[in-house]
Amino acid sequence: MSNATATALIFNDDTVVSATEPEGFAGFALRDGSAELRRLFLHALARFGDGALSYVPRDQQRAFVGVSSSIGERDVIFAPLIAGGRTLGVVAVLLDREPDEDERRELAAFCNVVTRILDTERALVAARRQSRDSQLLTMVNERLHKSLDRRDVLFGIVEGVRAAFSADRCFVYERMPDGEHAVVVAAAARGAATGAPKRAVPLDADLRKVFGGLTVRRDEFDGSDVYGTSARSAMALPFVVDGRVEDALVLAFDRPAGFDDADIAALRSLAFHVGLALSNARLYERERARRAQAESLERVVRILRDTQYVDEVSLVFVVTVSHELPLDCAAYALEGESLVRKAMRIREPRGFEPAMTVERSILEPFLVVDEPSDASLLPRIARDALFDGRDGVIVPIRMEGALWGCFIVRGADGGLDWPPEERATFFRTLGSHLEIALANAHAYERELRRAQERETLAEAARTILSHTAIGSLADVMSRLAGTLVHAERACVLRWNGERYAMVGSFGDGIDETIQASGIDLVHRAERLATIVRDERRVQRLIDGPGYVVIPLTQTAAGGGEAIDAFLLVGRSAGERFNRDELRIMQELGALLSLALRNLELYEAMGFANRALQESSSFKDDLLAMLAHDFKGPLTVILGYCELLLESSDERRDEIETVYSQTKRLVRLSEDALVLAQTQAEGFSLARTVVDVGAFVAECCNATAANNPRLEVAVPAGPIPVDLDPHRFRHVLDNLVSNALKYSSDQVRVDVFKDGDRAIIEVSDRGIGIPAAEQDALFTRFGRASNALDKGITGSGIGLYVARKIVEVHRGTISVRSKENEGATFIVSLPILGD
């Protein structure tokens, strides 16, 4: 087409690119490149054709008024560039006449080629952008797999984002805690690009919008502190994490219009995925922090579990918490109306130390609650004294329902970067474990103290047993009472019939304590309440400022109870005794009261024992005297009876009766004499070595000479034993005489050896002994009931005396018998060794 001007209009998303041939000539142009104006233009163009070429003479161009400024001058033929149902652009040819068919076909063919080229190019651009977007998302995922740390994720993506969008700089801003500044936490730049932003900048209008959740684009401007001084275009988008904007992504270009709408859409998609990645990183960091806190808490609890004393618990807790967590920690205990620091650990060398004491009234509102309180809520005086203006937490600690104290923690680096709800839960749990550890340690110390008290009281009880004098006992108990409760003085007052006199004391200034207590020493107290005035009653004792009065013994007097003695314990400076000390002294008073009572009983028992010993000695002396003095006259009577029996046959039966009864009296006197000797302290043996067989044969011949009913069997060889022949002869005489008396049949005496023992058996076939009465046979005055029934005379002391003599010879005597079948008495003696 001759003398024609062609203009190609290519429609992008938000702009229109145009080119005119020949260059320098004015072609067809739209007023602007807005999407709305393009829509109006295409709508007007549709009136002149069905999507193919549209010829619009100059007199019909009123439809394009407001759309283009170049109308009405020449005729125009429009060729739309349509691909896939979308209008990619329009070729407008200005000419002076209507083109013919050949020209139309050539123009249509040309536009088809251009359309295919544009469609292909746009597909390639879309593919490249899609690949870029995929690569960016892959990069974000890879960074997330490599590290879930938020800073690592941000550092890992800035260079990739900058290169993908051909930006000169890419950086991420994070809002500072003051809310008025932002700081760069990750940055990347092309080569040695200049005009980089400052490290920390005040929030300008653009950053406030971004941190408010909006996207900001700057197509043409002259740079700033936020984007860099050399920036000519830029865009900024928020990273939304858990519904909050915490970071802002900024791309800065040193050229105007360095991006388009597709880039912004892609960047928004990237920001969304990065927000998800940061959310995951946040969840991971929180979970890791929770796990680390749980592990730290477990270690703290494990260490506290092995700590036994209250002071050690405070120190171990503070050191362990400060070591496990990046925190400064201090523990305070309540003493009176002040909180006193018991333990502390500061991580910074020569760092700020919390105050040594803090008045309770300053912290009272924060100590009555069960929840941890933030340091920012404390009064300034307490915040400065404990936290030095830093972020921290104060946690009240209770023991057995009462306030014990508190512990404080503060960030060693100036802050506690924990979510408030997690911080409160963690320190509440930590405080609960500290309360448990303190309660256990307090219970252990209390039990240990009571065990020591019990041991001391047990030692006191053992000490009491070694004292038989009231003076020494009172001195020891006074000293023990003062030592147990850390008192300077103590004494024991006892009623002597006229007044309460001091029988034992410890320390100086006893008279001052007695005067302070107000005890009436002259009149005997009958009721505890009348002893002193203005007293504080604790069970069975009275205490006042600097003294305690403990009643020790009470006796009935005049229808009431009179107090015989007191334990008085005193302190200087009028300091009262606490409840545990009063309990100890009450137990000690009960022990001392029992000791005094035992001492009285001991004295009474000693008096009774002495009287009994005197009576027993008199009885033994009288018995020995009677037995000895009776034997002389009886011997004379026996002599005259023997003369009468030899010289006369008259009244022989009567004389024999007198003779036999006199012999019985002689035997009884001998038994009584031996019995008296065995009861006396001077009973002794004149031992000698004898052949027990020969000794037994000799004794039997002397006791029943020529008696045909007595048989004696002794071994041929000697059996040596160590015995007193005179006293042991009494044993054999008694056994043989009893056997002959209780039996009318044969009596046999056997001597034999059984191992290292010499055995003497005296057997008869008499009336025997009932089985139930055999154990009582060897007791004093023990006799069998069948002997009494048969009227057989006897004293019941012969076998008792025999047992005593055998036992002092280290031997034994026993009986084996069946009633009406006889009895066998067995004596066992140790054989003398080689």
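The rules behind the values
- Residues numbered from 1 in each chain as written.
- Predicted model: local features only at pLDDT ≥ 70, side-chain atom pairs only at ≥ 80, totals over all residues.
- Heavy atoms only, no water.
- Helix = DSSP H or I, 4+ residues; strand = E, 2+ residues; numbered from the N terminus.
- Buried < 20%, exposed > 50% of the residue type's maximum accessible area, 1.4 Å probe, protein only.
- Contact = heavy atoms within 4.5 Å.
- pLDDT = per-residue confidence, 0-100.
- Salt bridge = Lys/Arg side-chain N within 4 Å of Asp/Glu carboxyl O.
- Axes fitted to C-alpha atoms, helices over the stretch in contact; angles between N-to-C directions.
- Parallel < 35°, antiparallel > 145°, perpendicular 65-115°, else oblique.
- Nonpolar A, V, L, I, M, F, W, Y, C, P; charged D, E, K, R; others polar.
- Core = buried A, V, L, I, M, F, W, Y, C linked by side-chain atoms within 4.5 Å.
- Expected span 1.5 Å × (residues − 1).
- Phe/Tyr/Trp six-rings, centres within 6.5 Å; stacked < 30°, edge-to-face > 60°.
- Lys NZ or Arg CZ within 6 Å of the ring centre and 35° of its normal.

Colleague: Would you mind going over the environment of R132 with me for this structure?
Modeller: Looking at where R132 falls in the secondary structure, it is placed in helix α2 (residues 101-146). Among the residues examined, R132 registers a relative accessible area of 12% and is labelled buried. The spatial distance from the C-alpha of R132 to the C-alpha of A164 is 6.4 Å, given a sequence separation of 32 residues. Residues contacting R132, with those up to four places away along its chain left out, are A164, F165, A262, D263 and A266.

Colleague: Looking at this structure, how should I read the confidence of the model for the protein?
Modeller: In regions of low pLDDT, the predicted coordinates are not meant to be interpreted in detail. When pLDDT is averaged along the protein, the result is 80, and 86% of the positions lie at 70 or above. The secondary structure element of the protein with the lowest average pLDDT is strand β20 (residues 536-538), at 36, and the one with the highest is strand β28 (residues 757-764), at 93. Segment residues 529-539: pLDDT under 50, and 25 contacts once partners within four positions in sequence are set aside and those in other chains are kept.

Colleague: Is there a simple way to think about the pattern of salt bridges in this case?
Modeller: Where charged atoms from two side chains of opposite charge approach closely, those side chains can pair. For the coordinates displayed, the defined rule picks out 34 salt bridges. Residue D580 pairs with R583 through a salt bridge whose shortest N-O separation is 3.9 Å. Note that D580 and R583 are positioned in helix α12 (residues 579-647) at a spacing of three residues, about one turn of the helix. You can call D580 partly exposed: its relative accessible area is 31%.

Colleague: Could you clarify how one ought to interpret the packing of helix α9 (residues 420-465) against helix α10 (residues 470-484) in this entry?
Modeller: Any two packed helices are characterised by how steeply their axes cross, that is the angle between the axes, and by the distance between the axes. Put simply, α9 and α10 touch, their axes get as near as 11 Å, and they point 170° apart. One element, α9, and the other, α10, form an angle in the roughly antiparallel class. Within the contact between the two elements, α9 uses T456, L457, A460, T463 and I464 and α10 uses L473, V476, M477, L480 and L484. Of the residues in the contact of α9 with α10, the class split is eight nonpolar, two polar and no charged.

Colleague: Help me out: how do you make sense of the nonpolar core in this one?
Modeller: As a rule of thumb, soluble globular proteins bury nonpolar side chains together. Formed by 40 residues in total, the largest nonpolar core has its most connected members in V692, V696, F728, L735, I760, F825 and V827. Listed by contribution, the elements that provide at least two residues to this core are α14 (692-703), β26 (720-723), α15 (725-742), β27 (747-754), β28, α17 (798-808), β29 (812-818) and β30 (822-830). Here the element with the most residues in this core is α15; it accounts for seven residues. L457, L552, L567 and F577 belong to the second largest nonpolar core, which has 31 residues in total.

Colleague: Hey, could you run me through unusual backbone geometry in this one?
Modeller: Trans peptide bonds make up the majority, and among non-glycine residues the majority have a negative phi. Residue H486 is not a glycine yet carries a positive backbone phi of 55°. With respect to the helices, strands and loops of the structure, H486 is situated in the loop between α10 and β18 (489-495). Of note, R810 is a non-glycine position whose phi angle comes to about 60°, a positive value. One can find R810 in the loop between α17 and β29. Exposure remark for R810: the relative accessible area of 53% places this residue in the exposed category.

Colleague: Even after reading the chapter, I still don't get helix α6 (residues 310-324), so can you show me in this structure?
Modeller: An α-helix turns once per 3.6 residues; consequently, residues spaced three or four apart project the same way. Here α6 is 15 residues long and its end C-alpha atoms lie 21 Å apart, about the 21 Å a rise of 1.5 Å per residue gives. Buried within α6 we find V310, V313, S314, F317, V318, T320, V321 and S322.

Colleague: Looking at this structure, how should I read the environment of P545?
Modeller: Looking at the element boundaries, P545 is found in the loop between β21 (541-544) and β22 (547-557). As for P545 and R576, which are separated by 31 residues in sequence, their C-alpha atoms are 5.0 Å apart. When residues no more than four places from it in sequence are discounted, the contact partners of P545 are G574 and R576.

Colleague: Help me understand the packing of aromatic side chains, please; the structure alone is not making it clear to me.
Modeller: For any two aromatic rings, the description comes down to two numbers: the centre-to-centre distance and the angle of the planes. Scanning all chains against the criterion turns up 11 aromatic pairs. Arranged with centres 5.4 Å apart and planes meeting at 75°, the rings of F221 and Y227 form a pair that is edge-to-face. Accessibility assignment for this pair places F221 and Y227 in one class, buried. Summarising the aromatic geometry, the rings of F778 and F825 are spaced 6.2 Å apart at their centres and angled 80° between planes, so their arrangement reads as edge-to-face. In this pair, F778 sits in the loop between β28 and α16 (785-789) while F825 sits in strand β30, placing the two residues 47 residues apart along the sequence. You can call F825 buried: its relative accessible area is 11%. Put simply, the rings of W495, Y500 and F566 pair up and form one aromatic cluster. Taking the ring centre of F221 as reference, the NZ or CZ of R218 above it sits at 4.5 Å.

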